[in-house]
Amino acid sequence: MEFQRLTLSETAARLPAGESVLILFHRHPDGDAVGSGFALKLLLEAMGCTVYCVCEDEVPERLRFLTEGLQDSIKQENLPADFTPSRIISVDTASPAQAGILYPDCEGRFDLMIDHHAKGETYADGYIDGYASSAGELVFRLSRELVTSGRLPAIPVGVDRLLYASISSDTGCFKYSNASPETHRAIAVLLESAKGSDGSDAADRGFDSAEINHRLFGIKSYDLLRAEKMGFDRLRLFADGRLGVVDMPYDVKVENGFTDEHFDTLVDVARGLQGVQVAVAIRQPTAEGVYRVSMRSSCHVDVASVCAEFGGGGHIKAAGCTITCDGGMEEVVELISRAILAVL
């Protein structure tokens, strides 16, 4: 089935008013998925819609400051029993695989996908820009287009705070190469909109950017730091230190009392080591032979293409995939390292 690539104005025109809408984002949600998803929720609610966000996994504890007071849970089983969406929109979800167990119930029913990944599997008409820093940057454009086109009188309270967090999260607090001039211009608009005409915080929609960045990047739980230490102990180096791989098998996860939330920064353990050009984190969430892989590149290697070999995708510099393998963690490490070394 062929799907249509939509322009900004076409996408804004397709956003519903006065309907029931389900917003889906990728499993193991990050700041971009949560921020962009909930920003879109507020926009649609301002247009008279009843909206719920949904994901295979719950919002991580470290990101719940963004969703407080907006929705108690994003797990499907915790949505109101009488809620039946007439529209389904996905954000920051590049492929059916990223939607996880929720995809079969939504297959063929998506009205829109809003995504910024350069490589993936299109499953609906969409507003897709692989050059955008984040899904938050795309929802930022949509928010302004809704006002410009007259569909909204003003940006709803809370939207800009979520969009700022979304964009900051996926750009690593604006230090990654995906933070383009357009990204910084969007951030400038968000910061300016949070100030009054005299430069003071606007009473209705002000937000503290420093606090948001501190909570996103400056605070780590004790268990997350323990997981990073364990990751450093399990770090393997290949190709004279240019490839760094951290693995976290299920038995190690259980023995140390970790949850999947504690592995959000595992790939940064390898990425932060001097000399590492490609960083990989491989984790085994359950006892089954299913492995989640995250890759980051600081060189010519296109990790999205590497991940595509295993059914995944993402960006040139940041991508992921899921591998099913009965041979255990060692075989997965071998598969991944061999694929990267072939192009490193």
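Up top you'll find the structure we're talking about.
Note that this is a predicted model, so its numbers are computed, not measured. (Residues numbered from 1 in each chain as written. Predicted model: local features only at pLDDT ≥ 70, side-chain atom pairs only at ≥ 80, totals over all residues. Heavy atoms only, no water.)

A. Layout of the pattern of salt bridges. Taken as a whole and judged by the stated rule, the model has 22 salt bridges. When the shortest N-O distance is used, the salt bridge between Arg64 and Glu61 registers 3.0 Å. A residue is classified by how much of its surface remains accessible, and Arg64, at 33% relative accessible area, is partly exposed. Overall, the relative accessible area of 51% leaves Glu61 in the exposed class. With a shortest N-O distance of 2.4 Å, Arg271 and Asp268 are connected by a salt bridge. One end of the pair, Arg271, and the other, Asp268, are both in helix 12 (residues 266-271), three residues apart, so they sit about a helical turn from each other. (Salt bridge = Lys/Arg side-chain N within 4 Å of Asp/Glu carboxyl O. Buried < 20%, exposed > 50% of the residue type's maximum accessible area, 1.4 Å probe, protein only. Helix = DSSP H or I, 4+ residues; strand = E, 2+ residues; numbered from the N terminus.)

B. Geometry of the sheet that holds strand 2 (residues 50-54). Strand order in the open sheet formed by five strands is 2-1-3-4-5, and the pairing between neighbours is parallel. Strand pairing shows two members of the sheet lacking a second neighbour, strand 2 and strand 5 (126-128), which therefore form its edges. Across the sheet, the axes of successive neighbouring strands diverge by a mean angle of 15°, strand direction being ignored. As paired strands, strand 3 (residues 87-91) and strand 4 (residues 112-115) are joined by three bridges and run parallel to one another. Note on strand 4: the bridge partner recorded for Val91 is Ile114. Taken strand by strand, helix 2 (residues 31-46) contacts strand 1 (20-25), strand 2, strand 3 and strand 4, and its axis lies near 170° from that of strand 1. (Pairing = 2+ DSSP bridges. Axes fitted to C-alpha atoms, helices over the stretch in contact; angles between N-to-C directions. Contact = heavy atoms within 4.5 Å.)

C. Highlighting the packing of helix 2 against helix 6 (residues 135-148). The geometry of helix 2 relative to helix 6 is characterised by a closest axis approach of 8 Å and an angle of 15° between their N-to-C directions. As judged from the angle between their axes, helix 2 and helix 6 are roughly parallel. Read as a crossing pair, helix 2 and helix 6 show a hand that is left-handed. In this structure, helix 2 uses Asp32, Ser36, Ala39, Leu40 and Leu43 to contact helix 6, whose residues at the interface are Ala135, Gly136, Val139, Ser143 and Leu146. Residues that form the contact of helix 2 with helix 6 fall into these classes: six nonpolar, three polar and one charged. (Parallel < 35°, antiparallel > 145°, perpendicular 65-115°, else oblique. Left-handed = near helix turned anticlockwise from the far one by under 90°. Nonpolar A, V, L, I, M, F, W, Y, C, P; charged D, E, K, R; others polar.)

D. Region of the structure containing the nonpolar core. Of all hydrophobic cores here, the largest spans 51 residues; its most connected members are Phe25, Leu40 and Leu44. Among the elements that line this core, the one with the most residues is helix 2, at eight residues. Leu44 has contacts with Leu15, Pro16, Val21, Ile23, Cys49, Val51 and Ile89, leaving out every residue within four places of it along the chain. Grouped together as the second largest cluster of nonpolar side chains are 25 residues, Leu243, Val245, Ala304 and Cys321 included. (Core = buried A, V, L, I, M, F, W, Y, C linked by side-chain atoms within 4.5 Å.)

E. Here's a closer look at the packing of aromatic side chains. Counted according to the given criterion, the structure contains eight aromatic pairs. Ring plane angle 20° and centroid distance 5.9 Å describe the contact between Tyr103 and Phe110, whose orientation is recorded as stacked. We classify Tyr103 as buried; its relative accessible area is 13%. A relative accessible area of 10% means that Phe110 is categorised as buried. A centroid spacing of 5.7 Å and a plane angle of 75° characterise the contact between Phe258 and Phe263, whose relative ring orientation is edge-to-face. The class of Phe263 is buried, set by a relative accessible area of 5%. Clustering of aromatic rings is evident, with ring pairs tying together Tyr103, Phe110 and Tyr123. Above the ring of Tyr52, the side-chain terminus of Lys41 is found at 5.3 Å from the ring centroid. (Phe/Tyr/Trp six-rings, centres within 6.5 Å; stacked < 30°, edge-to-face > 60°. Lys NZ or Arg CZ within 6 Å of the ring centre and 35° of its normal.)

F. Region of interest: helix 2. For helix 2, with 16 residues, the first-to-last C-alpha span of 22 Å sits near the 22 Å given by 1.5 Å per residue. Following helix 2 by one or two positions, Gly48 has its phi on the positive side, about 90°. (Expected span 1.5 Å × (residues − 1).)

G. Looking closely at the environment of Ser294. Within the secondary structure layout, Ser294 lies in strand 9 (residues 290-297). Using a relative accessible area of 28% as the deciding quantity, one classes Ser294 as partly exposed. A C-alpha to C-alpha distance of 6.1 Å links Ser294 and Ala319, two positions 25 residues apart in sequence. Those residues in contact with Ser294, other than ones at most four positions away along the chain, are Val267, Ala279, Val280, Ala281, Ala319 and Gly320.

H. View of the side chain of Thr183. Within the secondary structure layout, Thr183 lies in helix 8 (residues 181-193). Reaching out from Thr183, the side chain makes a polar contact with the side chain of Glu137 at a distance of 2.7 Å. The residues touching Thr183, leaving out its near neighbours within four places in the chain, are Ser133, Glu137, Ile167, Thr171 and Asn178. (Polar contact = N/O pair within 3.5 Å; in protein donor to acceptor, adjacent residues only side chain to side chain.)

I. Representation of the sheet that holds strand 9 in the model. Pairing is mixed in the open sheet, where six strands are placed in the order 6-7-8-9-11-10. Strand pairing shows two members of the sheet lacking a second neighbour, strand 6 (235-238) and strand 10 (313-314), which therefore form its edges. By the bridge criterion, four bridges tie strand 6 to strand 7 (residues 243-248) in an arrangement that is antiparallel. Residue pairing for strand 7: Arg236 is matched across the bridge by Val245. Sheet strands touched by helix 10 (residues 222-233): strand 6 and strand 7. Its angle to strand 7, the strand with the most contacts, is close to 125°.

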